[in-house]
Amino acid sequence: MNSVSSAGARIGIDVGGTFTDFVLYDTQRRQLAYHKEPSTPADPALAVRNGLAALIAQNGLVPSDIGVLLHGTTIGLNAIIQRRGARVGLVVTEGFRDVLEIGRARMPSSFDFHATREEPFLPRERVLEIGARFNRDGEVTRWPDAEQIASTAQQMAALDVDAVVVMLINGYLQPEREAELAAALQQALPTTTQIAVLSAAQTWPEIREYERTVVASLNAYIQPLMRRYFERLAQLAAELGVTAPILVTASNGGSLSLNAALGRPIDTVLSGPASGVVAAARLAVESDTPRIVTFDMGGTSSDIAVSQHGQAEMVTRTEIGGLPLVLPVVGVSAIGAGGGSKIRVDEHGVLKVGPESAGADPGPAAYGRGGSSATVTDCYLATGVLDADAFVGGAMKLYPERAQAALNLVAAALGDTAPDAAVRAASGALAIATAQMASELRKSLAQRGLDPAEFALVPFGGAGPTHANWLAEEAGLAHVVIPLKPGTFCALGAATADLRRDFVRSLRVTLDDRAAGDVAAIWNELETSAHAWLQQQGVGGTDQPSLRPALDMRYAGQAYELNVALPHPLPSPLQADYLIEAFHREHERLYGFRDEHAPVDISTIRLAIVGHLVTAAGAPRFAGTGTAVAYSRRKVFLRGGWHEAQIYKRDALGAGDVLDGPAVIEQQDTTVLILPGWRGRTDALGNLHLNAVDQGGQS
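To start, this report covers the structure provided alongside it. All figures in this text were calculated on a predicted structure; none of them were measured in a lab.

## Here's the deal with the pairing of strand E2 (residues 19-26)
No. 1: Counting buried positions along E2 gives seven out of eight residues, so the element sits mostly inside the fold.
No. 2: When E2 meets strand E3 (residues 31-38), the two strands line up antiparallel, connected through eight bridges. Among the inter-strand pairings, Val-23 is bridged to a residue of E3, identified as Tyr-34.
No. 3: Where E2 hands over to E3, the hairpin turn is made up of four residues, of which Arg-30 adopts a positive phi near 55 degrees.

So, in structure tokens, the structure goes:
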């Protein structure tokens, strides 16, 4: 297996619906280079090949200069959302055939009696039962004989599936034994049958059979699709002469070797959004901004995540396509509309934004590709925030008259036919979108016990920097930090991603010193597995790895647990009082109280290992003049009236430059708006900081 060369260039890749983004870090020159390549949806790997060739040529490199490719992908995520994965079967303990049908027996909405559940991605007719079960202590209470194994294998062969997942009740306590049964079923299949038999507990040995089944089944569901894509990518890279190893960014903000990603593709389904958050966390450290909220606004939706002191917040449960995912992932939350979200008036005459999106094709009306619906992007254009001739650095022309026509229809539905009706409708739609986002952002922070005023907003994506100042002002964040190249920020996150994998073991115990000893022993086992995994990645150039232990804990009788992060190394011997106090502190931080008399239970033991790769850092910018020089002026409709705004080029700004709103900064990958009453300044790394200006003129 090829190893990452510490001297070779690193290329981060992020495949999007419209563009495929690239960031190259030249370790010899310590410089960053950027490239955007039109995506090829019919064959996504083709855009990667074309972009790699262009990036290598533009920077005077040869293919052998590339040390590693770090690739973020949403292929698995899209397959789950669109329900176009492989055909998967399921073998479960007798009596549990409806494990996916029943789920958690909860309604999708407590307030909507017409709400329907998600369409099962694995229909009930592909679920088989087998006489195998463990009790709550992991002891075998039933086990199939050779005849039942052979009979079950025959039924599996008749299902016409690509893979079968085996899930036994309490199998998380005996993952090796469950894997033995999966191997026995695999061996009993006819030799002409190409069916992979997988163990759910081997994939993810965590308590709760429904969630464990979903994780393992989704892993099998997307595996063939991702294998075909990465094999195609490796083939095209080899045709270019690029023989560097391919790492795949993961949902937890780290990266995996290609072999590890092919074995566990479920670890990569949220890699695109996670990569941007990782890059923002690094930026926060470099710019001395300890607390940030990232704001990723793309074509369909807007997402936020929280990062404190250079560490992206992790969660152990999220949802994709209406299905629970109980893997550690970067905590990204959807909060609102994207640039392609449609503007409409409902049957009650109320102006609405989203959730329907015009997508990339036909896209907003202003794209001139046949779309007739007004969108958020059309609103930016109609209000003067965007310049029709400067969009995407002038590479893509916009059509103001088409945006105006689409917005006039919205205004007419509102009963407004005055000459400025379209721009007023656009301004109203932007205000509604901003209010929706701000409400969700404040709620998301409040659920974490956090104050928005203590955080800076870090926007990226094509529309993030455009909308960031509106959102910050509405949500009460007084500081915005806009990266130098926000449009390719997820690719930058991929280029800077460390190796990382999370390990888990469930253990239902009430904490006492004996239980603390059992927890310590399991952590030792997980640590051994973690170091072995890191060695198997075949990636050189890593520093001393970091270990991050955590526990899922709760007061006895509570329905759900808190994830409590702990420092490494842990005290030895590990005492129950130490773990209980850590839980009390976290519970008190979130909920304002602790219960000193209630027993504390542990349900899951976690350990993450991080292999730190060489950090990619761009060269500092040269000092500027202290006063930015506008190249033009234009009228922008803000806060219900027209304002004369100064127009700047981002690449003409130097460190220390100061510019007051209203202002618009244009660059190839985005447009930045500075509102009246706000001031921008650039730092030595090229980041643009926006702050509210008080009445004395101080920011």
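## Quick notes on helix H7 (residues 209-240)
No. 1: Given a rise of 1.5 Å per residue, 32 residues ought to cover 46 Å, and the 46 Å separating the end C-alpha atoms of H7 matches this to within 8%.
No. 2: Maximal helix bending in H7 amounts to about 40 degrees, located at Gln-223; proline Pro-224 follows within four positions.

## So, the sheet that holds strand E33 (residues 670-674)
No. 1: Spatially, four strands are ordered E29-E30-E32-E33 in an open sheet, and the strand pairing comes out mixed. Two strands lie at the open edges of the sheet, namely strand E29 (632-638) and E33, each paired on one side alone. This sheet shows a mean twist of 30 degrees between the axes of neighbouring strands, independent of strand direction.
No. 2: Sheet topology places strand E32 (residues 663-667) next to E33; five bridges connect them, and they run antiparallel.

## A word on the side chain of Asn-219
No. 1: Along the chain, the position of Asn-219 falls in helix H7.
No. 2: From its side chain, Asn-219 meets the backbone nitrogen of Ile-266 in a polar contact 3.1 Å long.
No. 3: If near-sequence neighbours (up to four positions away) are discounted, Asn-219 is found in contact with Thr-203, Gly-263, Arg-264, Pro-265 and Ile-266.

## Here's the deal with the sheet that holds strand E10 (residues 196-199)
Two pairing modes exist for strands in a sheet, parallel and antiparallel, and in both the strands are linked by backbone hydrogen bonds.
No. 1: Read across the sheet, four strands follow the order E6-E5-E9-E10 without closing on themselves; strand pairing throughout is parallel. If you trace the sheet from one side to the other, it starts and ends with strand E6 (127-130) and E10, each paired once. On average, adjacent strands in this sheet sit at an angle of 25 degrees to one another, irrespective of strand direction.
No. 2: Across five bridges, strand E5 (residues 88-93) lies against strand E9 (residues 163-167) in parallel orientation. Directly across from Val-91, in E9, lies its bridge partner Val-166.
No. 3: Across the sheet, H7 is in contact with E5, E9 and E10; its angle to E9 comes to roughly 165 degrees.

What counts as what
- Residues numbered from 1 in each chain as written.
- Predicted model: local features only at pLDDT ≥ 70, side-chain atom pairs only at ≥ 80, totals over all residues.
- Heavy atoms only, no water.
- Buried < 20%, exposed > 50% of the residue type's maximum accessible area, 1.4 Å probe, protein only.
- Helix = DSSP H or I, 4+ residues; strand = E, 2+ residues; numbered from the N terminus.
- Pairing = 2+ DSSP bridges.
- Expected span 1.5 Å × (residues − 1).
- Bend = angle between axes of the 7 residues up to and from the residue.
- Axes fitted to C-alpha atoms, helices over the stretch in contact; angles between N-to-C directions.
- Polar contact = N/O pair within 3.5 Å; in protein donor to acceptor, adjacent residues only side chain to side chain.
- Contact = heavy atoms within 4.5 Å.

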